[in-house]
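Reading the structure
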6 protein chains.
Amino acid sequence: MSTFGLIEYKDASAEVRAIYDDIMATRKTDWINNFWKALAHDPPTLKRTWKDIKQIMAPGALDPLTKEMIYVAVSVTNQCNYCIASHTVSAQKKGMTDAMFKELMSVVGMANETNRLSAGYQIEIDEQFKK
Amino acid sequence: MSTFGLIEYKDASAEVRAIYDDIMATRKTDWINNFWKALAHDPPTLKRTWKDIKQIMAPGALDPLTKEMIYVAVSVTNQCNYCIASHTVSAQKKGMTDAMFKELMSVVGMANETNRLSAGYQIEIDEQFKK
Amino acid sequence: MSTFGLIEYKDASAEVRAIYDDIMATRKTDWINNFWKALAHDPPTLKRTWKDIKQIMAPGALDPLTKEMIYVAVSVTNQCNYCIASHTVSAQKKGMTDAMFKELMSVVGMANETNRLSAGYQIEIDEQFKK
Amino acid sequence: MSTFGLIEYKDASAEVRAIYDDIMATRKTDWINNFWKALAHDPPTLKRTWKDIKQIMAPGALDPLTKEMIYVAVSVTNQCNYCIASHTVSAQKKGMTDAMFKELMSVVGMANETNRLSAGYQIEIDEQFKK
Amino acid sequence: MSTFGLIEYKDASAEVRAIYDDIMATRKTDWINNFWKALAHDPPTLKRTWKDIKQIMAPGALDPLTKEMIYVAVSVTNQCNYCIASHTVSAQKKGMTDAMFKELMSVVGMANETNRLSAGYQIEIDEQFKK
Amino acid sequence: MSTFGLIEYKDASAEVRAIYDDIMATRKTDWINNFWKALAHDPPTLKRTWKDIKQIMAPGALDPLTKEMIYVAVSVTNQCNYCIASHTVSAQKKGMTDAMFKELMSVVGMANETNRLSAGYQIEIDEQFKK
């Protein structure tokens, strides 16, 4: 339903189209997903969010696939259905195999479990972990 | 403070010591961190949790460093201070450089932000993401 | 689907109808949304929840629109789809413009991001913030 | 403890000092809080985060105090202790009275409660809320 | 540190003392914990919160110990340190044995794990669960 | 939609069928819910998760119904729709009455509220709760 609806390329302003073009060029795709079409109602947020993501997700000390899997890990932890669907596909396009996805899920599940055991048992941080 | 206190190696039962030994051997360290010393009050949970973690964190389709960084990503998203401290050190021991940590934090921050933009704008999942 | 189904006005007990009437009178609407129709299966909870919300959301040191936007901020952070949908409409009815909604989303997104950066970098609270 | 420690003004690079200067000028303060001193280890993140916050928190359709209270609402929902401490003080400096803080907490508490009642009763979104 | 400090019995107004008295009588203790002393700065919230908790935590279809353990489960899931500490002690006073606490933690950990596996694998709700 | 689809009994490997059989025997049902059919794409995770759940949810210091309600409490707190739907039905099959469900929801809602009040007021843990 999206609060304000979605802005398609043909209906977008020149400012928004320029960002859509950059998204498609950067991602080597020929379509824009709903996230950006919804944000397009707020061009400053569209611009800022895309610029940030483009910078953050670019190859660096971590490769793009690892970054995409971290994105999935966070989205799963937060139960964000849209983000799980979109970033799982993005990770697959960047080379995530089924085997990698399955291990990713196992780690995310385990971490969510031990995060609670640590909290529940009220465990203090070891001196060795404080540098 | 830890709800039941911590069980040191010298005070541990043979059953618990065997797990402590396996943890130290697997991780190539000579000490046990508080998480395990607290869980040791519940040997079945200690045993199950260690066995699961050992299986899940072993090298596979994903390398151990990537898995450890995913663990950090989840722990940061959940605001689990103990887990952030311990898994950051574990990741560093497995080769995470400062540059990698910084990019990891950027991705985690960004994902937490766009998770909420997606929810807040009530964005529907694109057909393309539904396979 | 709602666990117990929804109780419509015409099927409600006198006790439940009295609360429905008060909700409609207070909110100046002529219908009851599903949240209350579901809670109506548990009259003490229906009564307590409505009484609390009526007290908390009334004009005070904060105006009703600000309160409603805070409600949206929490609901978005928690990924509660029902609450996002209902409180966004409530905020709009109380005067939230599209421009206000967009800024609200930006702040919520940003706060969710820096909450994790603070946790991830294990930042200690400044003495100046401890009063 | 902060993962990398804190970078004080006197030890900062010219690039970092320029941001510190802008933070102090924008906020009309003569000190930098730990959040920025920790992020300073990663100048691109420091720069991006400050630029985003400066844009997002500026006066607009919502006034700066309202934005700051929304920041507190999110931080409380996420149990981010650092952010609660720092943004509560920021909100107080922007004019949040004790009475406003108390109402803010009441709304945040209530929203967190009804978010779960909505989820727990599996309540469907009303047609009226779908536009 | 508590935002407004704590209000001790001797410094409390008659209105606040009456609630403190009821808390101590209901719980059969001779002291008030910090949660209430902090809320006492906002008497309407103190009164409403205590009244709600008194009603909700009273014996009913669920016994008080079960309710207290559910409280712990939620608090652990949310990483609320204060609530974990206080409700664990409350549960112990109501009869929670060490064995019960350990099983409680196991269930909470497991539920947090499978919650993420369900989300991550994007699993649809079975028709059988929709009644 | 489930990321990899669902594996029906007739299409399952002998290894997976053995687990399906054990699930149905343990739960005294004649069907397998989607959670397991999705996990079946990753037999080690299917096996480990079922083994853990079977151990953890078995009668012990806590009875199975109490455990199932704790599972619901966590799932509701995490807004996991699949888990809420499935574990609510499981709890009902183990004897949860409507009255019990309603009280469960009240406690979960209240705990989520006071978790935030504790965090928001920055309340320190009482010495009495530190053992």
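In short, a report on the structure. Numbers given to residues run from 1 along each chain, matching the order in which its sequence is written. Note on labels: chains are lettered from A, ligands numbered from 1, in written order. Two thresholds apply to this predicted model, a pLDDT of at least 70 for residue-level local features and 80 or more for giving and counting side-chain atom pairs, whereas whole-chain, interface and lining totals are computed over all residues. Hydrogens and waters are ignored; side-chain quantities use all the structure's heavy atoms.

Things to note about unusual backbone geometry
Residue and element names in this part refer to chain A. Positive phi is not limited to glycine here, since glutamine 79 has a value of about 60 degrees. Secondary structure elements are defined from DSSP: runs of H or I of at least 4 residues count as helices, runs of E of at least 2 residues count as strands, and each element is numbered from the N terminus. Mapped onto the secondary structure, glutamine 79 falls in the loop between helix H4 (64–77) and helix H5 (81–93). To sort residues, take the accessible area from a 1.4 Å probe on protein chains only and compare it with the maximum for the residue type: under 20% means buried, over 50% means exposed, and anything in between is partly exposed. The buried category is assigned to glutamine 79, whose relative accessible area is 8%.

Observations concerning the state of the cysteines
All names here are of chain C. Counting rule for disulfides: a pair of cysteine sulfur atoms within 2.5 Å. As enumerated under the stated definition, the model contains six disulfides over all chains in all. Shown here is the disulfide that connects cysteine 80 with cysteine 83, its sulfur atoms set 2.4 Å apart. On the S-S bond that ties cysteine 80 to cysteine 83, the torsion sits near 45 degrees, and the link is right-handed. Pair check on accessibility: cysteine 80 and cysteine 83 agree, each one buried.

With respect to the relation of the copies chain E and chain A
When chain E is fitted onto chain A, the two copies agree to an RMSD of 0.0 Å after a turn of 180 degrees and an axial shift of 0.0 Å. Taken together, the rotation and translation relating the two chain copies correspond to the operation of a two-fold axis. If distances are taken from each C-alpha of chain E to the rotation axis, the shortest is found for Glu113(E), at 2.5 Å. Most of the interface of chain E is mirrored in chain A: 100% of its interface residues are interface residues there too. The copies were overlaid by least squares, fitting only the C-alpha atoms of residues that reach a pLDDT of 70 or more in each copy. In this analysis, two residues are considered to be in contact whenever any of their non-hydrogen atoms come within 4.5 Å of each other.

Looking at the relation of the copies chain A and chain B
Its rotation angle being 180 degrees, the transformation that places chain A on chain B also includes 0.0 Å of axial translation and leaves an RMSD of 0.0 Å. In this assembly the copies share their binding face: 100% of the residues contributing to the interface of chain A also contribute to that of chain B.

A word on the packing of helix H3 (residues 43–57) of chain B against helix H3 (residues 43–57) of chain F
Structural elements are reduced to axes, namely lines fitted to C-alpha atoms, with helices fitted over the stretch in contact, and the angle between N-to-C directions of any two is expressed from 0 to 180 degrees. Two elements in contact, H3(B) and H3(F), have axes whose closest approach is 12 Å; the angle formed by their N-to-C orientations is 170 degrees. Relative to H3(F), the element H3(B) is oriented roughly antiparallel. Here H3(B) contributes Pro44(B), Arg48(B), Lys51(B), Asp52(B), Gln55(B) and Ile56(B) to the contact with H3(F), which in turn contributes Pro44(F), Arg48(F), Lys51(F), Asp52(F), Gln55(F) and Ile56(F). In the contact of H3(B) with H3(F), the residues fall into four nonpolar, two polar and six charged. Working rule for angles: under 35 degrees goes down as roughly parallel, over 145 as roughly antiparallel, 65 to 115 as roughly perpendicular, anything else as oblique. Only Asp, Glu, Lys and Arg are considered charged, only Ala, Val, Leu, Ile, Met, Phe, Trp, Tyr, Cys and Pro nonpolar, and every remaining residue, Gly among them, polar.

Here we look at the packing of helix H6 (residues 98–120) of chain B against helix H6 (residues 98–120) of chain C
Look at H6(B) against H6(C): their axes get within 8 Å of each other, and the N-to-C directions meet at 150 degrees. As judged from the angle between their axes, H6(B) and H6(C) are roughly antiparallel. Along this stretch, H6(B) crosses H6(C), giving a crossing that reads as right-handed. Residues Phe101(B), Met105(B), Val108(B), Gly109(B), Met110(B), Asn112(B), Glu113(B), Arg116(B), Leu117(B) and Gly120(B) of H6(B) touch H6(C), and the partners they reach there are Phe101(C), Met105(C), Val108(C), Gly109(C), Met110(C), Asn112(C), Glu113(C), Arg116(C), Leu117(C) and Gly120(C). Along the lines of polarity and charge, the residues of the contact of H6(B) with H6(C) split into 10 nonpolar, six polar and four charged. The crossing is said to be left-handed when, going from far helix to near helix, the turn is anticlockwise and less than a right angle, and right-handed when the turn is clockwise.

Things to note about the interface of chain A and chain B
Taken together, the contact pairs 63 residues of chain A with 63 residues of chain B. Between chain A and chain B, the buried area comes to about 6,000 Å², and carbon and sulfur atoms account for 69% of it. Salt-bridge detection follows one rule: a side-chain nitrogen of Lys or Arg within 4 Å of a carboxyl oxygen of Asp or Glu. On inspection of chain A and its partner chain B, the count reaches two salt bridges. For Glu103(B), the salt bridge goes to Lys67(A), with nearest N and O atoms at 2.9 Å. Each polar contact in these results corresponds to two N or O atoms within 3.5 Å; when the atoms are within protein, one needs to be able to donate a hydrogen and the other to accept it, and residues that are neighboring in sequence are counted only if both atoms are side-chain atoms. One can count 34 residue pairs in polar contact (both at pLDDT 80 or more) joining chain A with chain B. Sort the elements by how many residues they give to the side of chain A that touches chain B and helix H6 (residues 98–120) of chain A lands first, with 17 residues. Across the side of chain A that touches chain B, the residue classes tally to 34 nonpolar, 20 polar and nine charged. Buried area counts how much accessible surface, traced with a 1.4 Å probe, disappears from two parts once they are put together, with both parts' losses summed.

A short note on the packing of aromatic side chains
Centre distance within 6.5 Å is the pairing criterion for rings of Phe, Tyr and Trp, where only the six-membered ring of Trp is used; planes under 30 degrees apart are then read as stacked, over 60 as edge-to-face, and the remainder as tilted. Counting across every chain of the model gives 48 aromatic pairs over all chains. Residues Phe4(B) and Phe101(E) carry aromatic rings whose centres are separated by 5.3 Å and whose planes lie at 85 degrees to one another, so their mutual orientation is edge-to-face. Of this pair, Phe4(B) sits in the segment before helix H1 (14–27) while Phe101(E) sits in helix H6 (residues 98–120), on two different chains. The residues Phe4(B) and Phe101(E) share a single accessibility class, namely buried. An aromatic cluster is present here, built from Phe4(A), Tyr121(B) and Phe101(C) joined pairwise through their rings. For the cation-ring pair, Lys102(B) lies above Phe4(D), with the distance from its terminal atom to the ring centre recorded as 5.4 Å. Our definition puts a charge over a ring when NZ of Lys or CZ of Arg is within 6 Å of the ring centre and also within 35 degrees of the ring normal.

Section: the side chain of Glu103(F)
For Glu103(F), the location among the structural elements is in helix H6 (residues 98–120). Those residues in contact with Glu103(F) that sit more than four places away from it in its chain are Gly60(E), Ala61(E), Leu62(E) and Lys67(E).

Focus on the pattern of salt bridges
Residues and elements named next belong to chain E. Counting across every chain of the model gives 42 salt bridges over all chains. Residues lysine 47 and glutamate 15 are paired through a salt bridge, measuring 3.0 Å at the closest nitrogen-oxygen approach. Of this pair, lysine 47 sits in helix H3 (residues 43–57) while glutamate 15 sits in helix H1 (residues 14–27), placing them 32 residues apart in sequence. By relative accessible area, which is 40% here, lysine 47 ends up partly exposed. Given the relative accessible area of 39%, glutamate 15 is considered partly exposed.

Considerations on the interface of chain E and chain A
Each side of the interface is counted separately: chain E has 21 residues, and chain A has 21 residues. Taken together, the two surfaces of chain E and chain A that pack against each other cover about 1,800 Å², and 59% of this comes from carbon and sulfur. Looking only at chain E, the three residues that lose the most surface to chain A are Glu113(E), Arg116(E) and Tyr121(E), adding up to 29% of its buried area. At the boundary of chain E with chain A, the tally comes to zero salt bridges. Secondary-structure elements contributing two or more residues to the side of chain E that touches chain A are helix H4 (64–77), helix H5 (81–93) and H6 of chain E. Among the elements that make up the side of chain E that touches chain A, the one with the highest residue count is H6(E) (13 residues). Split by residue class, the side of chain E that touches chain A holds 10 nonpolar, eight polar and three charged.

Read these as geometric descriptors, not functional statements.
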